[in-house]
Amino acid sequence: MNRNNEFQELKKELEETPFELEYSISKAISRVKKQKRYDLFWKTPLITLGSVLIIFISAVNLFPKVALAMSDVPLLKYLIIAVSFDPSLRLAVEHDYYQVLGERQTQGDVSATVDYMIVDAGRISLFFHVDAPVKEGIYSFELLNDDGTPFSAGIFYDTGYVSGELESITIEFLEKAVTIPTDFTFHLTVNSDPNFKSSMEVSSDQISPAPSQNSPVSNSTQDTAEFEHSFTFRIHTDQSFRQTVATYPINQYVTISNQKIYLEQLDIYPTKTGLSLSCDKDNGAVVYNLNVYFKDENGKLYKNPTNGVTATLDSEANNINSIYFASSYFSTSKHITMYITGINIIPKEKLYGEIDYEHKTITNLPENIMIDTMTLKDDTLTFTLKGYREKASNAYEMIHSRYWDETDQLYSFGSWSTGVNDSSDYFTSTYKIPDFSKHQYRIKWGYAPTIHLDTPIEIQVK
Amino acid sequence: MNRSEDKFIIQMDAMKQQLYRIAFLYLKNESSALEAVDETIYLSYKNLKKLREPQFFKTWVTRILINVCKKELRHKKKEELLEVLPEQGHEDYDSLPLKEAISKLPGELQLIINLRYFNDYTLAETAKILKLPQGTVATRQRKALSLLRLELEVE
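These figures come from a predicted structure and were not determined experimentally.

Participant: Hey, could you run me through the sheet that holds strand β6 (residues 136-144) of chain A in this one?
Facilitator: In a beta sheet, neighbouring strands are held together by backbone hydrogen bonds and run either parallel or antiparallel to one another. All names here are of chain A. Read across the open sheet, the four strands follow the order β8-β6-β10-β12; overall the sheet is antiparallel. Both outer strands of the open sheet, β8 (159-162) and β12 (228-236), are each paired with one neighbouring strand and no more. The sheet shows a mean angle of 35 degrees between the axes of neighbouring strands, direction not considered.

Participant: I'm lost on the sheet that holds strand β21 (residues 352-356) of chain A in this one. Help?
Facilitator: Residue and element names in this part refer to chain A. One open sheet holds the five strands; their spatial order is β22-β21-β29-β25-β26, and the pairing between them is antiparallel. Two strands in the sheet have a free side with no partner beyond their single neighbour: β22 (361-362) and β26 (410-412). Both strand β25 (residues 399-404) and strand β29 (residues 442-445) contribute to a ladder of three bridges, which runs antiparallel. Within β29, the residue paired with Trp404 across the bridge is Arg442.

Participant: What's the story with the nonpolar core in this structure? I'm lost.
Facilitator: Note on soluble globular proteins: their nonpolar side chains tend to be buried together. Ranked by internal contacts, the top residues of the largest apolar core, which has 64 residues, are Met12(B), Phe57(B), Leu105(B), Ile113(B), Phe118(B) and Leu148(B). A total of twelve residues in this core trace back to one element, the largest contributor, which is helix α1 (residues 3-27) of chain B. The residues touching Phe57(B), leaving out its near neighbours within four places in the chain, are Phe8(B), Gln11(B), Met12(B), Met15(B), Leu48(B) and Leu51(B). Formed by 41 residues, the second largest nonpolar core is a distinct cluster that contains Leu79(A), Leu126(A), Val134(A) and Phe241(A).

Participant: Can you help me understand the pairing of strand β5 (residues 123-131) of chain A in this one?
Facilitator: The side chains of a regular strand alternate, residue by residue, between the two faces of the sheet. Residue and element names in this part refer to chain A. Taking burial as the measure, the nine residues of β5 include nine buried ones, the bulk of the element. Alternating residues of β5 divide into Arg123, Ser125, Phe127, His129 and Asp131 and Ile124, Leu126, Phe128 and Val130, and every residue in both groups is buried. Pairing analysis gives nine bridges linking strand β4 (residues 110-120) to β5, with the strands arranged antiparallel. In the strand pairing of β5, Ile118 is matched with Ser125. Linking β4 to β5, which pair antiparallel, is a turn of two residues. Pairing of β5 with strand β9 (residues 166-173) involves seven bridges; the strand directions are antiparallel.

Participant: When you look at the interface of chain A and chain B in this model, what are you seeing that I'm missing?
Facilitator: Think of interface size as the accessible area that goes away when the parts come together; that is how it is often given. At the interface, 39 residues of chain A touch 46 residues of chain B. Of the roughly 3,800 Å² buried between chain A and chain B on both sides combined, carbon and sulfur atoms contribute 60%. Inspection of the region where chain A meets chain B yields three salt bridges. Measuring nitrogen to oxygen at the nearest pair gives 3.3 Å for the salt bridge that ties Asp120(B) to Lys11(A). For the pair chain A and chain B, the interface holds nine residue pairs in polar contact (both at pLDDT 80 or more). For the side of chain A that touches chain B, the element with the highest residue contribution is helix α2 (residues 24-37) of chain A, accounting for nine residues. Residue composition of the side of chain A that touches chain B, by class: 14 nonpolar, seven polar and 18 charged.

Participant: Is there a simple way to explain the packing of helix α6 (residues 107-117) of chain B against helix α7 (residues 123-130) of chain B in this structure?
Facilitator: When two helices pack together, their arrangement is given by the angle between the helix axes and the distance between those axes. All names here are of chain B. It is the contact of α6 with α7, at a shortest axis distance of 10 Å, that shows an interaxial angle of 140 degrees. By the angle between their axes, α6 is oblique relative to α7. In the crossing of α6 with α7, the sense of the turn from one axis to the other is right-handed. Counting all contacts with α6, which are made through Glu108, Leu111, Ile112, Leu115 and Arg116, the residues of α7 involved are Leu123, Thr126, Ile129 and Leu130. Considered class by class, the residues forming the contact of α6 with α7 number six nonpolar, one polar and two charged.

Participant: I keep staring at the side chain of Thr382(A) and nothing clicks. Help me out?
Facilitator: All names here are of chain A. Structurally, Thr382 is set in strand β24 (residues 380-388). Here the side chain of Thr382 touches Lys432 through a polar contact of 3.4 Å, side chain to side chain. Filtering out sequence-adjacent residues up to four positions away, Thr382 remains in contact with Thr373, Met374, Thr375, Thr430, Tyr431 and Lys432.

Participant: Would you mind going over helix α4 (residues 87-94) of chain A with me for this structure?
Facilitator: One turn of the α-helix equals 3.6 residues, which is why residues spaced by three or four share an orientation. What α4(A) keeps buried is the set Ser88(A), Leu89(A), Arg90(A), Ala92(A) and Val93(A). Note on α4(A): the residue one or two positions beyond its end, Asp96(A), has a positive phi of about 60 degrees.

Participant: How should I be thinking about the environment of Glu226(A) in this particular structure?
Facilitator: Relative to the helices and strands, Glu226(A) resides in the loop between β11 (202-204) and β12. Note on Glu226(A): relative accessible area 66%, which makes it exposed.

Calculation rules
Residues numbered from 1 in each chain as written. Chains lettered and ligands numbered in written order. Predicted model: local features only at pLDDT ≥ 70, side-chain atom pairs only at ≥ 80, totals over all residues. Heavy atoms only, no water. Pairing = 2+ DSSP bridges. Helix = DSSP H or I, 4+ residues; strand = E, 2+ residues; numbered from the N terminus. Axes fitted to C-alpha atoms, helices over the stretch in contact; angles between N-to-C directions. Core = buried A, V, L, I, M, F, W, Y, C linked by side-chain atoms within 4.5 Å. Buried < 20%, exposed > 50% of the residue type's maximum accessible area, 1.4 Å probe, protein only. Contact = heavy atoms within 4.5 Å. Buried area = accessible area lost by both parts, 1.4 Å probe. Salt bridge = Lys/Arg side-chain N within 4 Å of Asp/Glu carboxyl O. Polar contact = N/O pair within 3.5 Å; in protein donor to acceptor, adjacent residues only side chain to side chain. Nonpolar A, V, L, I, M, F, W, Y, C, P; charged D, E, K, R; others polar. Parallel < 35°, antiparallel > 145°, perpendicular 65-115°, else oblique. Left-handed = near helix turned anticlockwise from the far one by under 90°.

Honestly, that's just the spatial picture; any functional story needs more than this.
In structure tokens:
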């Protein structure tokens, strides 16, 4: 073929762009607004500690030029845009996999409407909006079983809403033995204080038996009872949704970097895919991450989600025991192949680091991590770790959220701040330890550089 | 939604396919290109106030995209830094399909072909994005076209 003709053909070929591009702008704006709303930046693979329930809060701003009508259930297009950040949720909505709730309650000049719900055997996503006489405010919520006990145990966020815009809450059920409730209560408290300033604190009362002296317990509620409005919704989950999952056994062992790993099964839900695995207890290192993706026969890739839970660790918070990916549930593909391309391991003897203030260091410092600053003031140690971003725009947990003293007393970093400079290859995380002089403390490392495999391991799953 | 956000959306909507094509030619796969575009739009929106000359929005965003793509390649350790333009036998490119021949060009030449001929950037725009004199861009453009045996307008 004539070279110039080849050029014209190639140019024509490039005119087709993927469908996902349509959501790039809304995703980006949503991401920036979410960061502005919260003072704490947290974009990281979220490794949980094997809790039964993890609540992941995703507050999503609407992109379209027209805000929701005051009295209408949002048009479906707003739901589609609201889930644009999650390819799996978007596909679910496009395949009509959602429940319309459309229940509205009003108190004075504030209304709350629960609009939609997406449920499968591993997840509940609720979509609601608040209409208030203020532009934005904060809300908190509780989710209660039929007997009145909370099933959203552990982590509550005070998070923000924008009046008239669709917000979402997602509850991920990570233990297979836990079943999605048939009915539950969604209790929502909305604050419409016109003097609201954006802030966020994490509170937890589910840390293990040791007292968590370093955990702030109070919520960020202000003394503004007159602006608080409480709403209670009774939600029913349709059986056809809540038991939906397709399971494919794998039952294979792989050995990577001398670590033996058992790949158990793949669970494909409409909203996510979960890979269950376990690591041999005789391994010389803890495996805290595997780089895995899936591909179908059409070449479509299924990777870790960019929001929400991407993996869980075992009950000792050491080895990875499940990894999550975008869902292929609505795909017409007949075959799926798993590719393992890398692993992150920490030798067991280097798992913990002793804090040495005198030398401004922590022992067993992993590669790619350095101590940026370490200061002691009023007996509170503040230290900043600097980590190399292996992948553009990624930050990760360099240490676990818990630490110990020489008596093995357990503490928790109630909160920490992470800073990212977009033009830098590094990011920082700053932690505080009060009463530093009273004990010798050790932290647990949560990072090691990725060991990339020269040849990915391929396993046909489906 | 405010006015500056409106304007950003309109401008970015007009550019997004072009950004994808640039990223796709640079990174050579769809998912990496999509990720690069997502990251570029995010960085552009986040740093919009730093753009002092709004008339250069297009070149500013394109430069961000190229930096994002370069960073991605660095992480994949596939990028070859262009220090000296190596001499290649003309027959090397001649025998290859055009797409493959372009991918074998030195990085800077690839970028120029990518921007100028697959995405219709002017010589001036390309020079501004790459922070090169226009004369240098023109020279390298001629060299790239010669290597590829393409007879296209030089401007």
